[in-house]
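# Chain and residue survey
The residues making up each chain are set out below.
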Amino acid sequence: IPETIFIKPDLTKKYSSLKEGDGTDFDVLGYLLYYVRHIGCDAVLVVDEDFITSDRIDSGLINHYLTNYDFRGVLLSVDGFYGNDSYVRLAEELNVFLRENFSDRYLGIEIHSDFEKKFADQYVSEVFEKKLVDFGYVDIGCATENKDFPFESVALWWNYFGEYYNIPLYCEHRLDLI
């Protein structure tokens, strides 16, 4: 998924009061997605806790964004459910919804690397074993100069993990950790 930009629609709400020259509402998200495509990138919808109702995926809200906007994929990023069986259930729900309604879109899952455990969370492994996702997006979470868990070693370990399950993984490395 090179040249991909991950977008949380909720972040555009603070600009919802903007108006067009004729006084109509300015579609900030629509403009952002137009620009993303204009520069040759794909946009991925970040499905976070705002898309969860009663511990279930809000498929109506996801349907709205995938029908009305040009998102090429979905990234499940639900911090509050990470590390328990709800993580797998939400991935299964989203997988079924996308395969039945938007089979041309790809699905990924954000993984928070707790490398101090030296292994992948059992729920991450289960999501990968069941082939519920097309890619993983790993938040490495360690600084480049970290002596105990060097970024390169952690990224390499996750690369091997993805290769084992034949699922591509992409690593996030925040600028403040470089």
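You'll find the structure just up there.
Here we summarise the structure given alongside this text. Quick caveat, the model's predicted, so the values are computed rather than measured.

### Comments concerning the environment of Leu76
- Assignment of secondary structure puts Leu76 in strand 5 (residues 73-76).
- Sequence spacing of Leu76 and Glu110 is 34 residues, and the spatial spacing of their C-alpha atoms is 6.1 Å.
- The contacts of Leu76, once residues within four sequence positions are left out, are Val47, Ile57, Leu90, Ala91, Leu94, Gly108, Ile109 and Glu110.

### Let's talk about the pattern of salt bridges
- Overall, the coordinates contain ten salt bridges when judged by the stated rule.
- In this structure, Asp70 engages Arg37 in a salt bridge whose closest nitrogen and oxygen atoms are separated by 2.8 Å. Pair noted here: Asp70 is in the loop between helix 2 (59-68) and strand 5 and Arg37 is in helix 1 (residues 28-38), with a separation of 33 residues, a long-range link.
- Among the charged side chains, a network of salt bridges with common partners joins Arg37, Asp42 and Asp70.

### Quick look at a nonpolar patch on the surface
- Nonpolar side chains collect at one region of the surface, where Ile5, Tyr31, Tyr34, Tyr35 and Ile39 lie side by side and expose about 520 Å² of accessible area between them.
- When residues in the nonpolar patch are grouped by element, the largest group, three residues, is from helix 1.
- By the element assignment, Tyr31 lies in helix 1.
- Residue classification places Tyr31 among the partly exposed residues on the basis of a relative accessible area of 47%.

### Description of helix 5 (residues 151-165)
- Between its terminal C-alpha atoms helix 5 stretches 22 Å, which fits the 21 Å expected from 15 residues at 1.5 Å a residue.
- Of the positions making up helix 5, those classed as buried are Phe151, Val154, Ala155, Trp158, Phe161, Gly162 and Tyr165. Angular distribution of buried residues about the axis of helix 5 spans 115°; they occupy a single face of the element. Away from its buried face by more than 90 degrees, helix 5 exposes Glu152, Glu163 and Tyr164.
- In the segment just after helix 5, Asn166 is the residue with positive phi, at about 60°.

### A closer look at the pairing of strand 7 (residues 135-139)
- Of all five residues in strand 7, five are buried, a share of seventy percent or more.
- Of the two faces of strand 7, the one carrying Phe135, Tyr137 and Asp139 and the one carrying Gly136 and Val138 are both buried.
- Two elements, strand 6 (residues 106-112) and strand 7, share five bridges in a ladder whose sense is parallel. Bridging across to strand 7, His112 finds its partner in Asp139.

### Quick look at the sheet that holds strand 7
- The sheet built from six strands is open, its strands ordered 1-2-5-6-7-8 with parallel pairing. Two strands close off the open sheet at either side, each with one partner strand: strand 1 (4-7) and strand 8 (169-172). The mean inter-strand angle of the sheet, taken between neighbouring strand axes irrespective of direction, is 25°.
- Bridge analysis of strand 2 (residues 42-47) against strand 5 gives four bridges, and the strand direction is parallel. Pairing of Val46 across the sheet is with Leu75, part of strand 5.
- Where helix 1 meets the sheet, its contacts fall on strand 1 and strand 2, and the angle it forms with strand 1 comes to roughly 165°.
- Packing against the sheet, helix 3 (residues 85-101) makes contact with strand 5 and strand 6, and its axis sits at approximately 165° to strand 6.

What counts, and at which threshold
- Residues numbered from 1 in each chain as written.
- Predicted model: local features only at pLDDT ≥ 70, side-chain atom pairs only at ≥ 80, totals over all residues.
- Heavy atoms only, no water.
- Helix = DSSP H or I, 4+ residues; strand = E, 2+ residues; numbered from the N terminus.
- Contact = heavy atoms within 4.5 Å.
- Salt bridge = Lys/Arg side-chain N within 4 Å of Asp/Glu carboxyl O.
- Patch = residues over 30% accessible without salt bridge, like charges linked within 9 Å, V, L, I, M, F, W, Y side chains within 5 Å.
- Areas by Shrake-Rupley, 256 points an atom, 1.4 Å probe, with all protein chains shown as cover.
- Buried < 20%, exposed > 50% of the residue type's maximum accessible area, 1.4 Å probe, protein only.
- Expected span 1.5 Å × (residues − 1).
- Arc of directions from axis to C-beta.
- Pairing = 2+ DSSP bridges.
- Axes fitted to C-alpha atoms, helices over the stretch in contact; angles between N-to-C directions.

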